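# Tertiary structure, described
Listed below are the residues making up each chain.
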Amino acid sequence: MKESLSTTCIIDLNNPEKYMSYVSAAGFGSMMLDLGMLYTKSDFEDYGTKNSKCNVTELSKQYDQLIEQSLRHSIQIDSMRMPQLQWNTKREDLNDLLLQIGEKCIKACSRIGCHYIIVQPLFSGIMKTDRYQENYRYCLKLGEVAKENNVYILLENQCDNINGHLIRGMCSDVNAASGLIDEINRKLNSEVAGFCLNTEVCSLCGQDMGEMAAELGSKLKAVLVKERDGIYE
């Protein structure tokens, strides 16, 4: 089992050299590159408005600096996590954007020798009865790009936010998630899709992590360990 530190806790994106030296000194040899720190949930909420703070050129620069410093300090980027929407988002027009970002992220993974990308399932603006099929289409498109680039896409379990009340969301049901992964792999005739278990979601939704892991079996490729009080995100 490999333990990796998430880049989520980077405070100063403009000074990655200092941070990476701390990570190296602490004994970590690998990291999960969480692109949510470059393209935040708030950025998604403001996307396309005058309040948007998203500067693609600046984001690319910061991304390149992080990669450069990780290589300089012999820290491997062994997984990448796509930017994520808020569970209570009101935006219903970003699914095409998420697909574009996902395809670019997969190609970025390939360039740096990273083989796992953690993907948030689609949910916003999609009726619950249609989510399985919409995610099948979404992940199939990502899977085609992933197969070409020798990358695994890992679906992550989610919460739904119903007026501030958190309940089990897309991919929190193990049977449905396993079925979706099997369908994608069967269609692409390759083991391209897997699962990332987010312990925060398990805690918030009152699910037994060990039980989920046992049911997922070999489909479980990564575990995102996050400390929570079981009530608040």
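I will try to describe carefully the structure that is included in this document. (Residues numbered from 1 in each chain as written. Predicted model: local features only at pLDDT ≥ 70, side-chain atom pairs only at ≥ 80, totals over all residues. Heavy atoms only, no water.)

### Notes on the overall build of the protein
- Summing up its helical and strand segments, the protein has 8 helices and 9 strands in all.
- Taking 233 residues into account, the globule formula puts the C-alpha radius of gyration at 17 Å, and the protein, at 17 Å, falls close to it.
- In terms of overall dimensions, the protein has C-alpha extents of about 45 × 45 × 40 Å along its principal axes.
- In the protein, buried positions account for 48% of the 233 residues.
- The contacts in the protein between residues at least 6 apart in sequence include a share of 79% that link residues at least 24 apart. (Helix = DSSP H or I, 4+ residues; strand = E, 2+ residues; numbered from the N terminus. Rg over C-alpha atoms; globule rule 2.2 N^0.38 Å. Buried < 20%, exposed > 50% of the residue type's maximum accessible area, 1.4 Å probe, protein only. Contact = heavy atoms within 4.5 Å.)

### Describing the sheet that holds strand β2 (residues 30-34)
- A sheet is described by the order of its strands in space; here 7 strands give the open sequence β1-β2-β3-β4-β5-β8-β9, paired in parallel fashion. Every other strand in the sheet has two partners, leaving β1 (5-6) and β9 (220-224) as the edge strands with one partner each.
- With 4 bridges connecting them, strand β5 (residues 152-156) and strand β8 (residues 193-198) associate as parallel partners. Within β8, the residue paired with leucine 154 across the bridge is glycine 194. (Pairing = 2+ DSSP bridges.)

### A short note on the pattern of salt bridges
- Following the criterion strictly, the structure yields 10 salt bridges and no others.
- Notably, a salt bridge pairs aspartate 34 with arginine 81, separated by 3.3 Å at the nearest N-O pair. Linking aspartate 34 in strand β2 with arginine 81 in strand β3 (residues 76-81), this pair joins segments that are 47 residues apart in sequence.
- Residue lysine 128 pairs with aspartate 160 through a salt bridge whose shortest N-O separation is 3.7 Å. Taken together, the positions of lysine 128 in helix α5 (residues 128-148) and aspartate 160 in strand β6 (residues 159-162) put the pair 32 residues apart, joining distant regions of the chain.
- Connected through shared salt-bridge partners, Asp34, Arg81 and Glu156 make up one network. (Salt bridge = Lys/Arg side-chain N within 4 Å of Asp/Glu carboxyl O.)

### Overview of the pairing of β5
- With 5 of its 5 residues buried, β5 lies for the most part within the structure.
- The handedness of the strand β4 (residues 116-119) to β5 crossover, carried by α5, is right-handed. (Right-handed = clockwise from strand over helix to strand, strands pointing away.)

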